[in-house]
Protein chains: 2
Amino acid sequence: MNREAIQFAKILKKSGHSLTDPRKRLFKLLGSGKAMSVNEIVSALPYDRSTIYRTLELFQKLGIVVEVHLGWKHKFELSDMFQHHHHHLTCINCGKVLPLKEDKELENSIAHLSSRSSFKPVDHQLEIRGFCMNCQNKY
Amino acid sequence: MNREAIQFAKILKKSGHSLTDPRKRLFKLLGSGKAMSVNEIVSALPYDRSTIYRTLELFQKLGIVVEVHLGWKHKFELSDMFQHHHHHLTCINCGKVLPLKEDKELENSIAHLSSRSSFKPVDHQLEIRGFCMNCQNKY
DNA sequence: AGTATTTTTGCAAATTTGTCGCAATTTTTG
DNA sequence: CAAAAATTGCGACAAATTTGCAAAAATACT
């Protein structure tokens, strides 16, 4: 078991939850790094749809996964606890999602901006929408 | 007809689409500046749900409206083409949404970042999630 | 303006997405 | 290993979104 898997198990235990097969397999699946929709997850794993929903809800509450809002669909990916902070480019036409690797300058701006208000920031997500290489000449 | 309405008509024409009543009224409705959900739109206009969905999809592809993610719901508002660019702070606890006024430094970072790829950016949205002043001492 | 052509809309039905209670199964406790 | 606790699968629902197609509206062309 690698470091991430150990930390994952620890989070579940500490919060009084069981380490079950569906939870282990979902965590492993998301370990690929790709943001996935519920449907993609359901077809990749041999578990009931409702189990997937319940597991995702739990993972969100424990901070293991985050929901990212991409296009019309919601997708899920591991939180910054398990992978590098990043944002997304989404294609307006075909829906494809490309990760955008972390940028210091950007993160500084966001941190700076948040700190100015009496609002207490917890996290943030940036979506840059546009046309991917393949879809650029369709509109 | 004001400047916005003319530009709107021009965008439709140029892309080979008709200027119809449902389209005109949806554009006008969103002109209020408030981000609206599909349900709010459907009850405000005398057109079929599927028409609203199809119109919103078209408007998105033409860059007339953008989908904004406020908490767990998606809403729609006019794009930067028709109203001032802004981002949102959303309260994790009470769901309140606060507009965040434009910040040069942030926008520069984003512009710089977008231009590096073969992806063609159209717009972007940033959601900063956290706790508003009233909800800060509840957790 | 009037008609042919093209595009869009409404309607009904299908599909997809998300929720819930409860009995059966799995995990944890000790 | 047995008892207790937590989790899962199933089925029934409810809500959200998509689709095919005939009717209606918009546009193009005399």
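The structure displayed is predicted, hence computed values, not measured ones. Numbering of residues starts from 1 in each chain and follows the order in which that chain's sequence is written. Labels follow written order: the first chain is A, the first ligand is 1, and so on. Predicted model: local features are reported for residues with pLDDT of at least 70 only, side-chain atom pairs are reported and counted for 80 or more only, and whole-chain, interface and lining totals are derived from all residues. Side-chain measures were taken over the full set of non-hydrogen atoms in the model, leaving aside hydrogen atoms and water.

## Examining the protein's contact with DNA strand C
Line of reasoning, step 1. By convention in these notes, a residue is near a molecule or strand provided one of its non-hydrogen atoms lies within 4 Å of it. Of all residues adjacent to DNA strand C, which total 21 residues, the nearest are A:N39, A:Y53, B:T20, B:R23 and B:T51.
Line of reasoning, step 2. Taken together, the sugar and phosphate atoms account for 76% of what DNA strand C places within 4 Å of the protein.
Line of reasoning, step 3. The contact in question runs from a phosphate oxygen of DNA strand C to an N or O atom on the side chain of A:Y53, over 2.5 Å.
Line of reasoning, step 4. Side-chain polar atom of B:R54 to a base nitrogen of DNA strand C: 2.9 Å apart, as the coordinates give it.
Line of reasoning, step 5. By definition, any uninterrupted DSSP run of H or I lasting at least four residues is a helix, any uninterrupted run of E lasting at least two residues is a strand, and each is numbered from the N terminus. If you list the elements that add at least two residues to the surface near DNA strand C, you get α3 (38-44) and α4 (49-61) of chain A together with α2 (21-30) and α4 (49-61) of chain B.
Line of reasoning, step 6. As a working rule, the residues Ala, Val, Leu, Ile, Met, Phe, Trp, Tyr, Cys and Pro are called nonpolar, Asp, Glu, Lys and Arg charged, and the rest polar, with Gly in that last group. Considered class by class, the residues forming the surface near DNA strand C number five nonpolar, nine polar and seven charged. Nitrogen and oxygen atoms within 3.5 Å of one another constitute a polar contact, given that in protein one can donate a hydrogen and the other can accept it, and given that sequence-neighbouring residues count only through two side-chain atoms.

## Remarks on the domain arrangement of chain A
All names here are of chain A.
Line of reasoning, step 1. Split into domains, chain A comes out as domain 1 (1-82) and domain 2 (84-139).
Line of reasoning, step 2. In this entry, domain limits derive from an automatic or database-based domain assignment. Computed from C-alpha coordinates alone, the two centres of domain 1 and domain 2 are separated by 22 Å.
Line of reasoning, step 3. Throughout, a residue-residue contact means that at least one pair of heavy atoms, one from each residue, lies within 4.5 Å. The interface is formed by eight residues belonging to domain 1 together with seven residues belonging to domain 2.
Line of reasoning, step 4. For the pair domain 1 and domain 2, the two sides together bury roughly 700 Å², of which 47% comes from carbon and sulfur.
Line of reasoning, step 5. Just to be clear on terms, a salt bridge is a Lys or Arg side-chain nitrogen sitting within 4 Å of an Asp or Glu carboxyl oxygen. Inspection of the domain 1/domain 2 interface yields zero salt bridges.
Line of reasoning, step 6. Only β2 (65-70) and β3 (73-78) provide two or more residues apiece to the side of domain 1 that touches domain 2.
Line of reasoning, step 7. Ranked by the residues each element gives to the side of domain 1 that touches domain 2, the list is headed by β2, at four residues.
Line of reasoning, step 8. Among the residues making up the side of domain 1 that touches domain 2, the classes are represented as two nonpolar, two polar and four charged. Put simply, buried area is how much 1.4 Å-probe accessible surface two parts lose in total, over both of them, once they are put together.

## Description of the relation of the copies chain A and chain B
Line of reasoning, step 1. Copies are brought into register by a least-squares superposition over C-alpha atoms of residues with pLDDT of at least 70 in both. Expressed as a screw transformation, the operator carrying chain A onto chain B has a rotation angle of 170° and an axial translation of 0.6 Å, and the superposed copies differ by an RMSD of 1.8 Å.
Line of reasoning, step 2. Taken together, the interface assignments show that 92% of the residues at the interface of chain A recur at the interface of chain B, consistent with an identical surface on both copies.

## Let's talk about the sheet that holds strand β5 (residues 97-101) of chain A
Line of reasoning, step 1. One bridge is not enough; two strands pair if DSSP finds at least two bridges between them. Within the open sheet, the six strands sit side by side as β5(A)-β4(A)-β6(A)-β5(B)-β3(B)-β4(B). Their pairing is mixed. The sheet is open, and its two borders are formed by β5 of chain A together with β4 (97-101) of chain B, each paired with just one other strand. Between one strand axis and the next, the sheet turns by 25° as a mean value, whatever way the strands run.
Line of reasoning, step 2. Pairing of strand β4 (residues 86-91) of chain A with β5(A), which is carried by five bridges, proceeds in the antiparallel orientation. Bridge assignment links A:T90 to a residue of β5(A), and that residue is A:V97.
Line of reasoning, step 3. The sheet strands contacting helix α5 (residues 104-115) of chain A are β4 and β6 (120-131) of chain A together with β4 and β5 (120-131) of chain B, and the helix crosses β6(A) at an angle near 135°. Axes, fitted as lines to C-alpha atoms, cover a helix only where it is in contact. Angles between the N-to-C directions of the axes lie from 0 to 180 degrees.

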